[in-house]
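Now for the letters of each chain:
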Amino acid sequence: MSTAPRRTAAEAYEKTPTVIFQSSALAARELALEVRALIEERAREGKNAVLGMATGSTPVPFYRELIRLHREEGLSFKNVITFNLDEYYGLGPDHPESYARFMADQLFDHIDIPKENINIPSGKVPSEQVFAHCREYEEKIDAVGGIDLQILGIGRTGHIGFNEPGSSRDSLTRRITLDRVTRQDAAADFRGEENVPRFAITMGVGTILRGKKLVLMAWGENKAEMVAKAVEGPMTEAISASFLQGHTNARFYIDIGASRELTRVKLPWLVGPVSWTPRETNRAVCWLAGLLQKPVLKLTDEHYNEHGLGDLLSEQGPAYQLNIRIFNHLQHTITGWPGGKPNEDDTYRPERASPYPKRCLILSPEPQDAVVSMGATLERLSEQGHEVRLVALTSGSLRVPDREADKFAETLRELAAVVSDPTAWTAQTAYAEEVLKMLAEKGDFGADTPLLRQLKALVLRGELRDAANACRISNEHIFFLDLPFYEEGRYRRFKSTQADVDALTNLLREQRPHQIYLTGDAADPSSVSGICYRVFQAALKNCEGEEWAGACSLWLYRGKERPLEAHEIDMAVPLSPLQLERKTRALGRFGSLSSLELSSPESNRQNAAHYDALGLAQYEAIEAFQRWSRA
Ligand code: GLP
C-alpha cells in the first residue's frame, strides 16, 4: 500500500511521520478514501478487509465520511471485518455510553456490514472469564489474518485504546484500570466523574502494533501537547502512543490545532528558514525570554545568536532595538478599556475609541463559558457604559445533573402541599410528579426527555442570570439562543445544520454589534464550542457586505482549551485583586462547574505572571484575547 511520506528538514524532529491537515474534515476525507481503496482492492481479490476501529469524538467525522461514501457512492462494507479497540468494563451493548452502542449509532447501523463481522470486546463478561475472553479476542484477530488498518485516537494521558501509562510495548488485550485523567475526560458523557466506569477491556499496545498500517488522528489544541510528546519524545510506557515510532507504517493525521506543539510549528527557526512575520517574531522573542528566564529588555545579541535566532537578529536586530519593539508591542496589548477608551488617541490601543458606547455581543457556547473566561471583562465593558449583550448559544441542559431537576420537583411538590389552597396547585403537583417519574425511569444514564431537558435548561438559565448579574449584566441583556444542534444531540455526537446558522445570522443582523467576543477556534471541532465557532463563521459569512459586519471587531477568548500564550495575546485586560475576587464569586453562582472551569481565576493569574516575567507591569491577573483574523 502507500509508502511513508518523504521526510523534510522541518519534519526531522518527528519520529512518527505526521501529516498536518487544514481541518479535521479534510483529514477524515483523506483517510476515508484510503479505506475505500483498501476495501475495494480486497473485494476485487475476493478477500476481506480487516479494520481496527476507535471510539471517542475524534473518529466521528471519519465515520460520517464512510457513511456518505456508502450512501452516495455505493461503497459496500460486505467484505469488511472490524475489531474495536476497547469497551468499558461493566457496560452492556444497550448502555447509552457503551462503545458498542457508540459504534452502532455512529457507523454500523448506517452501512451494510454483516453483523457477524463486527467484533467489540464485551464489557459484560464475568470477571473470571475476562482472561479467556481477551485471549479469544487476540486469536480472532489472528484468525482473519490480522488488522489491515487500525484507526486510533489519543487520550489526554497519551493512551491509545485504553492503554494507560505503564502499558508495556508487548501488552495484549486485557482488563485495565482507567486513569484518573481519562475518567475526568469521560465525566461529561457519564454526567459526573463518579459515574465513569473504573475499568475497561482494551487491545494491548502489542496487539495494536501488529496492525499492518496504523493511523492516529487528533484534533484541536487540547491534543497538541500529547501529540508532540508521542511524535517527538522518547518511546515510553508513560505514553503508549509513542510506541507508534517503532512501527514501519504508522502515521499521525492531525489538524492545525493539534500540531501547535510540534517543533516545526512551535519553534520553526530550529528546523529551517522562517518568514519573520510580526506574530513569529513575537513568538521567538517571548520564547527566548522564557527559556533564559529573562525579561525581554535584558536579552542580548549573544542570546539571540546562541539559541538559533541569528537570522532574526540579522534581519531585525540589534537586540536592543528588537527588544524595545517587542516590549512596546506587549505593553500596547494591555488595556483597562476593552471596549476602547472614548475620546483618547487609540493608535496604540487594541480597540478603537469610537463609536462610543459600543454594542458588544458576547457569545457563550454553553451558558457558563463567557462568565468563566471573561467575567471581569464583561463587568468592565458594562461599567464603562457599553451596551453589553450576553448570548448563551446553547441551552447547556446536558451539563445539569439530575439532582437539580429532582431538587426542583421535590420543592415544587412540597410547596404545593403547604400553600393555603392545595387544589389550585394540582397542575404543579402533576408536573412535579411527572418529573420525578421520568427521573426514576431513565436511570443514571438514560437520555433526558424533552420535559427534563427543558427544566434543566431553565435551571441553568437561572444560574447564568445570577452569575451575569454579579458581573453587572442585567437580565434583559442576557439572551438564550438554544441552538437546535445541541437539543438533538449528545456530547461528542452533535451535528449542526442550517437552522443553527440561520438562528445566529438573525441574531447578528438584529444586534449589528460593533464588537463581538467568541471562542472555539482552538477547540476540538466536535465539541460544543468548536461547533458554535463554525456556526458563527457561517453566520458571519451570511452578513458579508453588510456595513456593521465590515466595521465590527472580533475578539477570541479561550475556554476549556489551552490558554493563550503571551505572544498570541492581542488584548490583555488586567484585573485587580478585588475584581478577581468578584469574578471568583460570580463563578460560585453556577451549580456544576468542572474543575477546569473553576480554575479559570488561577489561569488569569498565570497570564499576569507571564507578563510579569517578560518585564511588564505586575498585575494580579489578566483576561486575554486574540484578534480574530477573517481569513
Ligand atoms: C477514549 C478511547 C480512546 C480515544 C480517547 C480520546 O479513551 N478509549 O480510544 O482515543 O478516548 O477520545 P476523544 O476522541 O473523544 O478525544
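All values reported here derive from a predicted model rather than from experimental measurement.

Chemist: Lay out the domain arrangement of the protein in plain terms, naming residues and giving numbers.
Modeler: Domain annotation of the protein identifies domain 1 (17-264), domain 2 (278-331) and domain 3 (359-395 + 460-627). Here the C-alpha centre of domain 3 lies 32 Å away from the C-alpha centre of domain 2. Taken together, the contact pairs 12 residues of domain 2 with 11 residues of domain 3. In total, about 930 Å² of surface goes out of reach between domain 2 and domain 3, with carbon and sulfur atoms giving 60% of it. Our count for the domain 2 to domain 3 interface comes out at one salt bridge. Of the charged contacts, one joins Asp570 and Arg279 as a salt bridge, the two residues approaching to 3.2 Å between their closest N and O atoms. Where domain 2 packs against domain 3, one counts four residue pairs in polar contact (both at pLDDT 80 or more).

Chemist: Give me the lowdown on a nonpolar patch on the surface, citing residues and values where you can.
Modeler: A contiguous nonpolar patch, built from Leu297, Tyr320 and Ile324 and spanning about 310 Å² of accessible area, is present on the exposed surface. Within the fold, Ile324 resides in helix H12 (residues 319-333). When its relative accessible area of 33% is taken as the criterion, Ile324 is described as partly exposed.

Chemist: Pulling in residues and values, what's your account of the packing of aromatic side chains?
Modeler: Both the distance between ring centres and the angle between the ring planes are used here to describe each pair of aromatic rings. Under the defined criterion, the tally for this structure stands at 16 aromatic pairs. Geometrically, the ring pair formed by Phe485 and Phe494 is edge-to-face, given 5.5 Å between the ring centres and 85 degrees between the ring planes. Measuring from ring centre to ring centre gives 5.8 Å for Phe536 and Trp628, while their planes differ by 70 degrees; the resulting arrangement is edge-to-face. Placement of Phe536 in helix H19 (residues 528-542) and of Trp628 in the segment after strand E17 (621-627) is noted, with a sequence separation of 92 residues between them. Judged by its relative accessible area of 1%, Phe536 falls in the buried class. The structure contains a cluster of three or more aromatic residues connected by ring pairs, namely Tyr88, Tyr99, Phe162 and Phe190. Arg175 extends its terminal NZ or CZ atom over the ring of Tyr89, reaching a point 4.8 Å from the ring centre. Here Arg175 stacks its cationic end above the ring of Phe199, 5.7 Å away from the centre of that ring.

Basis of the calculations
- Residue positions are given per chain, counted from 1 along the sequence in the order it is written.
- Predicted model: local features are reported for residues with pLDDT of at least 70 only, side-chain atom pairs are reported and counted for 80 or more only, and whole-chain, interface and lining totals are derived from all residues.
- Hydrogen atoms and water are omitted, and side-chain values are computed over all heavy atoms in the structure.
- Domains are outlined according to an automatic or database domain assignment.
- Pairs of residues are marked as contacts when any of their non-hydrogen atoms sit within 4.5 Å.
- By definition, the buried area sums, over both parts, the 1.4 Å-probe accessible area that each loses when the two are put together.
- Salt-bridge detection follows one rule: a side-chain nitrogen of Lys or Arg within 4 Å of a carboxyl oxygen of Asp or Glu.
- In protein, a polar contact means a hydrogen-donor-capable atom and an acceptor-capable atom, both N or O and within 3.5 Å, with residues adjacent in sequence counting only if both atoms are side-chain atoms; elsewhere, any N or O pair within 3.5 Å suffices.
- Patch membership is restricted to residues that have no salt bridge and whose relative accessible area is over 30%. Joining uses 9 Å for like charges and 5 Å for the nonpolar side chains Val, Leu, Ile, Met, Phe, Trp and Tyr.
- Here the accessible surface of atoms and residues is derived via Shrake-Rupley with a 1.4 Å probe, and residues count as covered only by protein chains that are part of the display.
- Where helices and strands are cited, they refer to DSSP runs of H or I of at least four residues and of E of at least two residues respectively, numbered from the N terminus.
- Type-normalised accessible area, obtained with a 1.4 Å probe on protein chains alone, sets the label of each residue: buried when under 20%, exposed when over 50%, and partly exposed for intermediate values.
- In this analysis, rings of Phe, Tyr and Trp, with Trp reduced to its six-membered ring, are considered paired at centre separations within 6.5 Å, and the interplanar angle assigns stacked below 30 degrees, edge-to-face beyond 60, and tilted for intermediate values.
- A ring is scored as having a charge over it whenever the NZ atom of a lysine or the CZ atom of an arginine sits within 6 Å of its centre and within 35 degrees of its normal.

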